[in-house]
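# Results of the structural survey
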Amino acid sequence: MAYEVIKINPRTWRIEDGGVRIFLLAGDDKALLIDTGMTLPNAAEIARELTDLPLELLNTHADRDHISGNSAFDSFYMSPLEEPNYRSAGGTGTIKPVSQGDTIDLGGRVLEIVDLPGHTPGSIAVLDPECRALISGDPIQDGRIFMFGRFRDLSKYAGSLEALSAFDGRYDEIWPSHGSFPVSPSLVPQLRAAADIILNGRAEGKKVEFMGNSITEYDMGVAVFLCD
Ligand SMILES: [Zn+2]
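Since the model is a prediction, treat every value here as computed from it, not as a measurement. (Residues numbered from 1 in each chain as written. Predicted model: local features only at pLDDT ≥ 70, side-chain atom pairs only at ≥ 80, totals over all residues. Heavy atoms only, no water.)

## Considerations on the sheet that holds strand S12 (residues 144-147)
Worth spelling out the cut-off: Only when DSSP finds a minimum of two bridges between them are two strands counted as paired. Only DSSP runs of H or I covering at least 4 residues are called helices, and only runs of E covering at least 2 are called strands; the numbering of each starts at the N terminus. Between N-to-C directions, angles span 0 to 180 degrees; the directions come from axes that are lines fitted to C-alpha atoms, helices contributing only their stretch in contact. Contact between two residues is taken to exist if any of their heavy atoms lie within 4.5 Å; hydrogens are not considered.
Pairing is mixed across the open sheet formed by 4 strands, whose spatial order is S12-S16-S15-S14. In the strand order of this sheet, the two ends are held by S12 and strand S14 (206-210), each with one partner. Across the sheet, the mean angle from the axis of one strand to that of its neighbour is 35 degrees, orientation sign disregarded. Pairing of strand S15 (residues 213-219) with strand S16 (residues 224-227), which is carried by 4 bridges, proceeds in the antiparallel orientation. Looking across to S16, one finds that Thr-216 is bridged to Cys-227. Its contacts with the sheet put helix H4 (residues 187-199) on S12, S15 and S16, and the angle it makes with S16 is roughly 40 degrees.

## Regarding the pattern of salt bridges
For clarity, the cut-off: Salt bridge criterion: a side-chain nitrogen from Lys or Arg within 4 Å of a carboxyl oxygen from Asp or Glu. Burial status follows relative accessibility: with a 1.4 Å probe on protein chains alone, a residue under 20% of its type maximum counts as buried, one over 50% as exposed, and anything between as partly exposed.
Per the stated rule, a full pass over the model turns up 15 salt bridges. Residues Glu-16 and Arg-14 are paired through a salt bridge, measuring 2.5 Å at the closest nitrogen-oxygen approach. The exposure classification of Glu-16 matches that of Arg-14, with both residues buried. In this structure, Arg-192 and Asp-196 form a salt bridge, with 3.2 Å as the shortest nitrogen-oxygen distance. Placement of both Arg-192 and Asp-196 in helix H4 is noted, with a separation of 4 residues, approximately one turn of the helix. On the accessibility criterion, Arg-192 (25% relative accessible area) is partly exposed. Because the salt bridges share partners, they merge into one network encompassing Arg-11, Asp-28, Arg-109, Asp-128 and Glu-130.

## Some points on the coordination of the zinc ion
Here is the rule we go by: Sites may look incomplete, because water is not among the atoms used; the donor set itself consists of N, O and S atoms within 2.8 Å of the metal (3.2 Å for Na, K and Ca). Geometry is assigned from donor-metal-donor angles: four donors are tetrahedral when every angle falls between 85 and 135 degrees, four are square planar and six octahedral when opposite donors sit over 155 degrees apart with all other angles between 65 and 115, and any other arrangement is irregular.
Bound to the zinc ion on the protein side are Asp-65 (OD), His-66 (NE2), Asp-138 (OD) and His-178 (NE2), at distances that span 2.1 to 2.3 Å. Each of the 4 donor atoms around the zinc ion contributes to a set of angles spanning 85 to 156 degrees, which defines the coordination as irregular. Of note, the zinc ion draws all its donor residues from one chain, in the sequence arrangement D-H-x71-D-x39-H. Of this pair, Asp-138 sits in the loop between strand S11 (133-137) and S12 while His-178 sits in the loop between strand S13 (173-176) and H4, and the two are 40 residues apart along the sequence. Classification of Asp-138 as buried rests on a relative accessible area of 5%. Its relative accessible area of 14% is what places His-178 among the buried residues.

## Considerations on the packing of helix H3 (residues 154-163) against H4
Packed helices, taken two at a time, are described by the angle their axes make and the gap between the axes. Operational definition: Reported orientations rely on four angle classes, namely roughly parallel under 35 degrees, roughly antiparallel over 145, roughly perpendicular from 65 to 115, and oblique for the rest. Left-handed describes a crossing whose near helix is turned anticlockwise from the far helix through less than a right angle; right-handed describes the clockwise counterpart.
Closest axis-to-axis distance for the H3/H4 pair is 9 Å, and the angle between their directions is 150 degrees. Considering their axes alone, H3 and H4 lie roughly antiparallel with respect to each other. H3 and H4 meet at a crossing whose hand is left-handed. Judged by residue contacts, Leu-154, Ser-155, Tyr-157, Ala-158, Leu-161 and Glu-162 of H3 engage Val-188, Leu-191, Arg-192, Ala-195, Asp-196, Ile-198 and Leu-199 from H4.

## A closer look at the environment of Val-5
Relative to the helices and strands, Val-5 resides in strand S1 (residues 4-9). We classify Val-5 as partly exposed; its relative accessible area is 33%.

Right, dumping it as structure tokens:
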């Protein structure tokens, strides 16, 4: 499959598969792949070409565009709240449950898990102090934010963005799975405000057909929200 590997620094890469972005972070002792993309069943092989370190996997969440190469791993870090979504997408393997406050030590590089439920029940972000970056998955990005169908909860989403203020000052950039790379932390309150406007019924939506679903599209400027 066509993809592009972009080195962020000597031990950090992003891999773009056209629709979605995944990350590889190396420490002194091991490396962590974050998501396996939409069209990257070979994601583990791609990672192993970039680093010789033992390789582990974390999923920001279990939507199908983030798990295409998961079967190469017997186990992986994921929120346990994501299991129904993962299994209904046909996901295999054993979940090593992680949630807010948990850390993953790559050796001289300790990553921290941040819960961001709403887009899916177990959406998580990864805080990387080395890059001062928050690897956000789908909830924080300037593209299309999927909030229609099973497992979505817009008020939970707004609450997650509110709670994220506890981490203010600990990251300078946000690295999302879709849309522009990187984005500014100032996007968080903007998305929060946009979600509130939709929740309060004050946003003007447009009924559209999308991937076989009748949904309401809210172009909020900062991002496009796709809702039921
Ligand atoms: Zn996605």
